[in-house]
Amino acid sequence: MYPREFEYLAPSSLDEALEALASHPDAKVMAGGMSLLPLMKMRLLSPATVVDIGSIDGLGSIEDRGDHLAIGALVRHAATAASPLVQQYATALAQAAGLTGDVQVRNRGTTCGALAHADLAADQTAAALALGATLVAKSTSGTREIPASEFFVDTLTSALTPEEILVEVRVPKSGNGEASAYTKLGRRGGESDYAVAGAAAWVRKSNGSVDAARVALTGVGTVAVVAGGVGDALVGSDGSSDAIAAAATHATDGMTVLEDLYGTVAYKSHLAQVYVKRALTAALG
Ligand SMILES: Cc1cc2nc3c(=O)[nH]c(=O)nc-3n(C[C@H](O)[C@H](O)[C@H](O)COP(=O)(O)OP(=O)(O)OC[C@H]3O[C@@H](n4cnc5c(N)ncnc54)[C@H](O)[C@@H]3O)c2cc1C
């Protein structure tokens, strides 16, 4: 199906794009178009204006800024997955990007677009939460830094306002004793396609015990969330398989598990525990 008619703008600078959003309140930003265009073609979304940010210079790099990596708005999933910097310092995000969709999607879709889209079963949302990322949004009114913990509001709803562009995501670099991992069950049984359930884990170990841990789930509730009970249970433990198994029993504490086409509440709750265990085992391994 064709989308409804819309005005197409392709600004060549960030300022021009921000002006376009400010003056077209019903506009949508387009980055890779991998989620926006299918929604428009199915007529589930019919913006009057599309602001394509794809020709703006300076948004396509991954930078090492000392204590964090900055991933620009036009960095594709494939580039995030293949980046030695992301693989080394933000392993869960590289793994989640590498498990996002298929080759075509990974070559067009962007890491920031996947975060802005806030799909309930997206992969990189969980990694951003577990790694304690910060999302940087710009509008004509200024710049906002939004912690990942406040960014994913609900299904397909982020903390961005319509006139904002997510210009980069900043991910703290894992240092000594810190590690992270992402793992999921995809909708087609393997690891490709959206997550039926997925978990990202970040851990810090010192003197033989876990002194900090953050685990996030995707595909299980209405949006990716931090599984706070898991981190609380793991901190102070030796990070052994018994400690991981005990912590994983808290995977869905305090959250509303969503039944959908891919699983009942009981099945998804079970998967949440299984994938939390796997992500923690990989991170602590
Ligand atoms: C066949 C298929 C399989 C897929 N499988 C998976 C999967 O397994 N896992 C997964 O996580 N995702 C999957 N996706 C979604 C894919 O990851 C999308 O690429 C991603 O969700 C959106 O990134 P994009 O750059 O294409 O954004 P777009 O499609 O251009 O935009 C998506 C939304 O985000 C907004 N947006 C995008 N960039 C910005 C920005 N910089 N600032 C403000 N708003 C912005 C847009 O306005 C729009 O609302 C799949 C998609 C397809 C088509």
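Residues numbered from 1 in each chain as written. Predicted model: local features only at pLDDT ≥ 70, side-chain atom pairs only at ≥ 80, totals over all residues. Heavy atoms only, no water.

Structural notes on the layout of surface pockets
- Of the pockets and cavities examined, the largest pocket occupies roughly 1,300 Å³.
- Lining of the largest pocket is provided by 47 residues; of these, S35, L36, G113, A116 and H117 occupy positions nearest its centre.
- Going through the elements one at a time, strand 2 (27-30), helix 2 (36-41), helix 7 (111-117), strand 9 (157-158) and strand 10 (165-172) are the ones with two or more residues in the lining of the largest pocket.
- If you tally residues by element for the lining of the largest pocket, the top one is helix 7, at five residues.
- When its residues are assigned to classes, the lining of the largest pocket shows 25 nonpolar, 14 polar and eight charged. (1 Å grid on protein atoms, 1.4 Å probe; cavity = no way out; pocket = protein on both sides within 12 Å on 5 of 7 lines; lining within 4 Å. Points joined across faces, edges and corners; volume = space filled by probe spheres on them. Helix = DSSP H or I, 4+ residues; strand = E, 2+ residues; numbered from the N terminus. Nonpolar A, V, L, I, M, F, W, Y, C, P; charged D, E, K, R; others polar.)

Comments concerning the site of the ligand
- Every one of the 31 residues lining the ligand counts as a neighbour, but V29, L36, T110, D123 and D193 are closest to it.
- Measuring from an oxygen atom of the ligand, one finds a backbone N or O atom of A31 at 2.8 Å.
- Within the contact set of the ligand, an oxygen atom lies 2.6 Å away from a side-chain nitrogen or oxygen of T110.
- Contact with the protein chains removes 89% of the 960 Å² of surface that the ligand exposes when unbound.
- If you map the ligand onto the pockets, it falls in the largest pocket.
- Only strand 2, helix 7 and strand 10 provide two or more residues apiece to the shell around the ligand.
- Here the element with the most residues in the shell around the ligand is helix 7; it accounts for four residues.
- Classifying every residue of the shell around the ligand by side-chain character gives 16 nonpolar, 10 polar and five charged. (Near = heavy atom within 4 Å. Polar contact = N/O pair within 3.5 Å; in protein donor to acceptor, adjacent residues only side chain to side chain. Areas by Shrake-Rupley, 256 points an atom, 1.4 Å probe, with all protein chains shown as cover. Sits in = over half its atoms within 2 Å of the grid points.)

Regarding the sheet that holds strand 1 (residues 7-9)
- The three strands are arranged 1-3-2 in an open sheet whose pairing can be described as parallel. Strands at the two margins of the open sheet, each flanked by one partner only, are strand 1 and strand 2. Going from strand to strand, the sheet's axes swing by 25 degrees on average, the running direction of each strand aside.
- Along the sheet, helix 1 (residues 14-23) contacts strand 1, strand 2 and strand 3 (49-52); its crossing angle with strand 3, the most-contacted strand, is approximately 165 degrees. (Pairing = 2+ DSSP bridges. Axes fitted to C-alpha atoms, helices over the stretch in contact; angles between N-to-C directions. Contact = heavy atoms within 4.5 Å.)

Comments concerning the sheet that holds strand 11 (residues 178-186)
- Read from one edge of the open sheet, four strands run 11-12-13-14, paired in antiparallel fashion. The open sheet terminates on both sides in strands that have one partner only, identified here as strand 11 and strand 14 (225-226).
- Bridge count between strand 12 (residues 195-206) and strand 13 (residues 209-218): nine bridges; the pairing is antiparallel. Within the sheet, the bridge partner assigned to V203 lies in strand 13 and is A213.
- Set on the sheet, helix 12 (residues 265-284) makes contact with strand 11, strand 12 and strand 13; between it and strand 12 the angle comes to about 35 degrees.

Keep in mind that these numbers describe shape and distance, not what the molecule does.
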